[in-house]
Amino acid sequence: MGSKIVSFGHYQPARVLTNDDLAQMVDTNDEWIQSRVGIKERRVAGAEESVEDMAVQAGGKALAASGLSAGDIDLVIVATCTPDQVMPATAATVQDALGVAGGAVDVNAVCSGFVYGLAVGAGMVATGLQRVLLIGADTMSRIVDWDDRGTAILFADGAGAVGLDAVDGPGDLLAYDLDNDGTGRHLLTADIGGTIEMDGREVFRRAVRTTTDSALRTLAKAGVTVDDLALLVPHQANVRIIDAVTQRLGLDPSRAVVTVDHHGNTSAASVPLALGEAADAGRLATGDLVLLIGFGAGMSVASALVRWHEPAIAPGGPGEAGA
Ligand SMILES: CC(C)(COP(=O)(O)OP(=O)(O)OC[C@H]1O[C@@H](n2cnc3c(N)ncnc32)[C@H](O)[C@@H]1OP(=O)(O)O)[C@@H](O)C(=O)NCCC(=O)NCCS
């Protein structure tokens, strides 16, 4: 038994925060942010908007687009590092709000969370579950120190979801790689109730290396090469990291999806938002090979090779904010 992605759902908060807005808050400017990071604007949650709200929105769209009823779902997985509370799990609220049956569990691999969650969900399907709703959702704006220009410019909020359904045969997840280097866990942290602290330069250096290495391991496991890839969907943290990885892999830059300019770093939502936007823009055709890669605090990294087919896309996809 394998699994395939049967639908998408996305949610981005309505509130836009531009670089000029940030320049009113800390000593920075649009030129510096664009040249060092590649971000022009990002979305942040409203005062009353929780990560659970965003996860419910994205998950609800993926459920509706799948054509399945809530009772068909066996498991909800929410990848997040910014839950609204320590317990219960964010997935428990999502399950209740959507009226979904079955199990509910959170996964925290920070910005690698969605790709880890995909491997977890597909593994569950391989061992007996039929349908999984997987959501990556984060409100990074809640743990950013808005007085720290080194981190305030980077992070953002959002949610992206997919429905997974069981199929006979190997399914669309061809290979994956999960890794973590715990010796680097001090490089990017946020204590409970605290804000993000980061060694930006070292995180940058490790991100380029681990992302490239994980990508190559996954391609080797699947017995394919970079030349076989139609699209690379990397974690959207910094356009210079994406460029460096693309160059190291020897991939044509036009095949790398870049949405960080308007998404910012949405952590676990980053990969599904970027994938959904690429699909929405018609950049994928049935049979294409797509490589998803996440990296983040931990230092975690995860990559997954997916054989694309046309899933239903939720109306009001990634480009549409607010509702
Ligand atoms: C954070 C990051 C953008 C900083 O860029 P950098 O090129 O490493 O910049 P540095 O930290 O070396 O700072 C260079 C200068 O710019 C200044 N600076 C830092 N942030 C600034 C900002 N937002 N605006 C203006 N100047 C800034 C620094 O104070 C420093 O000034 P100095 O030379 O006078 O001391 C970059 O390291 C990065 O993106 N790292 C990866 C972070 C990441 O992706 N984290 C999430 C992983 S999931």
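Small disclaimer: the values here were computed from a predicted structure and weren't measured.

## Things to note about the domain arrangement of the protein
The domain architecture assigned to the protein consists of domain 1 (2–169) and domain 2 (173–310). Centre-to-centre, using C-alpha coordinates, domain 1 lies 15 Å away from domain 2. With 46 residues of domain 1 at the interface, the matching set in domain 2 holds 44 residues. Interface of domain 1 and domain 2: buried area, both sides summed, is about 3500 Å²; carbon and sulfur atoms make up 67% of it. It is C111, V115 and Y116 that lose the most area in domain 1 upon contact with domain 2, and together they represent 18% of the buried surface on that side. The interface formed by domain 1 and domain 2 contains 0 salt bridges. The interface formed by domain 1 and domain 2 holds 16 residue pairs in polar contact (both at pLDDT 80 or more) in total. Mapped onto the side of domain 1 that touches domain 2, the elements with two or more residues apiece are β1 (2–11), α2 (30–36), β3 (41–44), α5 (113–126), β6 (131–139), α6 (149–152) and β7 (157–167). Of the residues that constitute the side of domain 1 that touches domain 2, the class distribution is 25 nonpolar, 12 polar and 9 charged.

## Observations concerning unusual backbone geometry
Of note, the bond from M87 into P88 is cis; its omega dihedral lies within 30 degrees of zero at 0°. Here P88 shows up in the loop between β4 (75–79) and α4 (90–98). Cis geometry marks the peptide bond from G298 to M299, where omega comes out at -15°. With a phi angle near 50°, V110 is a residue other than glycine that sits in the positive phi range. Within the fold, V110 resides in the loop between β5 (103–107) and α5. The phi torsion at S267 lies on the positive side, around 55°, for a residue other than glycine. Topologically, S267 is positioned in the loop between α9 (260–263) and α10 (270–280). You can call S267 buried: its relative accessible area is 0%.

Calculation notes
Residues numbered from 1 in each chain as written. Predicted model: local features only at pLDDT ≥ 70, side-chain atom pairs only at ≥ 80, totals over all residues. Heavy atoms only, no water. Domains from an automatic or database assignment. Contact = heavy atoms within 4.5 Å. Buried area = accessible area lost by both parts, 1.4 Å probe. Salt bridge = Lys/Arg side-chain N within 4 Å of Asp/Glu carboxyl O. Polar contact = N/O pair within 3.5 Å; in protein donor to acceptor, adjacent residues only side chain to side chain. Helix = DSSP H or I, 4+ residues; strand = E, 2+ residues; numbered from the N terminus. Nonpolar A, V, L, I, M, F, W, Y, C, P; charged D, E, K, R; others polar. Buried < 20%, exposed > 50% of the residue type's maximum accessible area, 1.4 Å probe, protein only.

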